[in-house]
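Single-letter residue listing:
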Amino acid sequence: MYKIAVIPGDGIGKEVMEATLNVLEALDIDFKFEFGEAGDECKEKTCVALPQKTIDLVKNSDACLFGAAGETAAEVIVRLRQEMDLFANLRPVKSYPGTKSIFDDLDFMIVRENTEGMYIGDEDYIKDDAGNITGATAKRVITRDASERICEYAFKYAEENNRKKVTGVHKANVLKKTDGLFKEVFYEVGKKYKSKGIEYEDFYVDATAMYLLTRPKSFDIIVTTNLFGDILSDEGAGLVGGLGLIPSANIGEERALFEPVHGSAPDIAGKGLANPTAMILSAIMMLEYLGEKETANAIDKAVLKVLSENKTVTRDLGGKSTTIEMSEAIKEKIRF
């Protein structure tokens, strides 16, 4: 039996989580779902966005499914990543049929360092002698250990998943010390995998942003720092139809958390309009992590069928179905 921590969170997080559990509960796998609170509503009620009880729940589970957080995202998901040392954030960019994908045959992975960089949240105000705020600063931390760990993960992922190239992304021409270190470590790690037939290259982040639009098929795996990975993965989502189609995995040495890349979308929350695909794809990544690859593949094929038919899909995909109706259609098409 797998013990799964479930954190629906805010806004459409609750709806896409309900749709995803609807699919998972139909499987011949023994899950024990235990629910935890976190997010804006939790903070309103308890004055804490991420209670210790929820942290302990995640720590004592085999994996965690997370829906979405609103304004408290930094207090919730960023803290969970740091608390659990979930150092690798995997964000696949893959084309699916029946979507508004700009390209119909993309399939690459963004591997994002998840624990440091700008997201450590070390900020301060600059004040004049009278105490007036005249500016602000933010500290960016890049360490050799974290850079080596994420680059090793990216190259190892390439080796295990028959990927042929890893692209390191940075801004070392300007951020000479922090990104200079990241680039240096990237090449140190890459040299160890050269004999295994894995190519490696590096680009500045601004050039990468352009190349994602002009030649995205040239990418196989992108490995980068925290903020750059966050931005580039949203750009990747735009290439394949939007955030409603992008799942993610947060992987550590001992724990893992799976979540859609999209936010809480309060403007459509509670209306049954949310696309559940990203959350369901995140659950597929969870099943792969747990070793249930046959089941993960079966659900992936079911998602593919529903998107291909383009009949029982949500409005953002051109259909008229509700969130739960789309999940029911996916569940009905699961075959082993």
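Our subject is the structure listed above.
Note that this is a predicted model, so its numbers are computed, not measured.

Participant: Quick question: what am I supposed to make of the overall build of the protein chain here?
Facilitator: Check the secondary structure of the protein chain and you find eleven helices and twelve strands. Relative to the compact-globule value of 20 Å for 336 residues, the protein chain shows a C-alpha radius of gyration of 20 Å, a close match. Taken along the three principal axes of its C-alpha coordinates, the protein chain extends 55 × 55 × 40 Å. Every one of the 336 residues in the protein chain was classed for burial, and the buried ones make up 54%. Pairs at least 24 residues apart make up 72% of the contacts formed inside the protein chain by residues separated by at least 6 positions. Total accessible area computed for the protein chain in this model is approximately 15200 Å², and 48% of it derives from carbon and sulfur atoms.

Participant: I'm lost on the packing of aromatic side chains in this one. Help?
Facilitator: Overall, the coordinates contain 13 aromatic pairs when judged by the stated rule. With a centroid separation of 6.2 Å and 50° between ring planes, the pair formed by F108 and F219 is classed as tilted. Highlighted residues: F108 in strand 5 (residues 107–113) and F219 in the loop between helix 7 (205–214) and strand 10 (221–224), separated in sequence by 111 residues. With a relative accessible area of 1%, F108 lands in the buried category. The class for F219 is buried, based on a relative accessible area of 4%. With centroids separated by 5.6 Å and ring planes inclined at 40°, the aromatic side chains of F155 and F186 adopt a geometry described as tilted. Residue F155 is found in helix 5 (residues 144–160), and its partner F186 is found in helix 6 (residues 178–193); the two are separated by 31 residues along the sequence. Across this residue pair, the class does not change: F155 and F186 are buried. A network of ring pairs unites the aromatic residues F155, F186, Y187, Y193 and Y200 as a single cluster. Cation over ring: R140 sits above F228, and NZ or CZ is 5.5 Å from the ring centre. When the ring centre of Y211 is taken as origin, the NZ or CZ atom of R215, which lies over that ring, is 4.0 Å away.

Participant: Looking at this structure, I do not really get the side chain of S147. What am I missing?
Facilitator: Checked against the element boundaries, S147 lands in helix 5. Not counting residues up to four positions away in its chain, the partners in contact with S147 are E116, I142, F182 and V185.

Participant: Please clarify how the sheet that holds strand 2 (residues 31–35) should be interpreted in this entry.
Facilitator: Neighbouring strands of a sheet are bound in pairs by backbone hydrogen bonds; such pairs are parallel or else antiparallel. Pairing is mixed across the open sheet formed by ten strands, whose spatial order is 2-1-3-12-11-4-5-10-8-9. Of all strands in the sheet, those bounded by a partner on one side alone are strand 2 and strand 9 (199–204). Averaged over all pairs of adjacent strands, the angle between their axes in this sheet comes to 25°, without regard to strand direction. By the bridge criterion, four bridges tie strand 5 to strand 10 in an arrangement that is parallel. Across the sheet, I110 pairs through a bridge with I222, a residue of strand 10. Here helix 7 sits on the sheet and contacts strand 5, strand 8 (165–170), strand 9 and strand 10; the angle it forms with strand 9, its principal contact strand, is near 105°.

Participant: Help me understand the environment of E18, please; the structure alone is not making it clear to me.
Facilitator: With respect to the helices and strands, the residue E18 is situated in helix 1 (residues 12–24). A sequence separation of 306 residues divides E18 from I324, and the C-alpha atoms of the two residues are 7.6 Å apart.

Participant: Please clarify how the pattern of salt bridges should be interpreted in this entry.
Facilitator: Side chains bearing opposite charge may pair, as long as their charged atoms lie close to each other. Tallied over the entire structure, the rule returns 27 salt bridges. With its nearest N and O atoms 3.4 Å apart, the salt bridge here joins K196 to E159. Taken together, the residues span a long stretch of sequence, with K196 in the loop between helix 6 and strand 9 and E159 in helix 5 at a distance of 37 residues. The partly exposed category is assigned to K196, whose relative accessible area is 45%. Residue class for E159 comes out partly exposed when judged on its relative accessible area of 33%.

Participant: For this particular structure, what's the right way to read the packing of helix 1 against helix 9 (residues 277–289)?
Facilitator: Their axes nearest at 9 Å, the elements helix 1 and helix 9 cross at an angle of 45°. Relative to helix 9, the element helix 1 is oriented oblique. The crossing of helix 1 and helix 9 is right-handed. When helix 1 is examined against helix 9, the residues V16, M17, T20, V23 and L24 are found in contact with a partner set consisting of M279, I280, A283, M286 and L287. Of the residues that constitute the contact of helix 1 with helix 9, the class distribution is nine nonpolar, one polar and no charged.

Participant: Explain the environment of G13 here, please?
Facilitator: By secondary structure assignment, the location of G13 is in helix 1. Distance in space between the C-alpha atoms of G13 and E332 is 23 Å, their sequence separation being 319 residues. With sequence-adjacent residues up to four places away left out, G13 is seen in contact with P8, G67 and A68.

About the criteria used
- Residues numbered from 1 in each chain as written.
- Predicted model: local features only at pLDDT ≥ 70, side-chain atom pairs only at ≥ 80, totals over all residues.
- Heavy atoms only, no water.
- Helix = DSSP H or I, 4+ residues; strand = E, 2+ residues; numbered from the N terminus.
- Rg over C-alpha atoms; globule rule 2.2 N^0.38 Å.
- Buried < 20%, exposed > 50% of the residue type's maximum accessible area, 1.4 Å probe, protein only.
- Contact = heavy atoms within 4.5 Å.
- Areas by Shrake-Rupley, 256 points an atom, 1.4 Å probe, with all protein chains shown as cover.
- Phe/Tyr/Trp six-rings, centres within 6.5 Å; stacked < 30°, edge-to-face > 60°.
- Lys NZ or Arg CZ within 6 Å of the ring centre and 35° of its normal.
- Pairing = 2+ DSSP bridges.
- Axes fitted to C-alpha atoms, helices over the stretch in contact; angles between N-to-C directions.
- Salt bridge = Lys/Arg side-chain N within 4 Å of Asp/Glu carboxyl O.
- Parallel < 35°, antiparallel > 145°, perpendicular 65-115°, else oblique.
- Left-handed = near helix turned anticlockwise from the far one by under 90°.
- Nonpolar A, V, L, I, M, F, W, Y, C, P; charged D, E, K, R; others polar.

Purely geometric stuff here, so don't read any function into it on its own.
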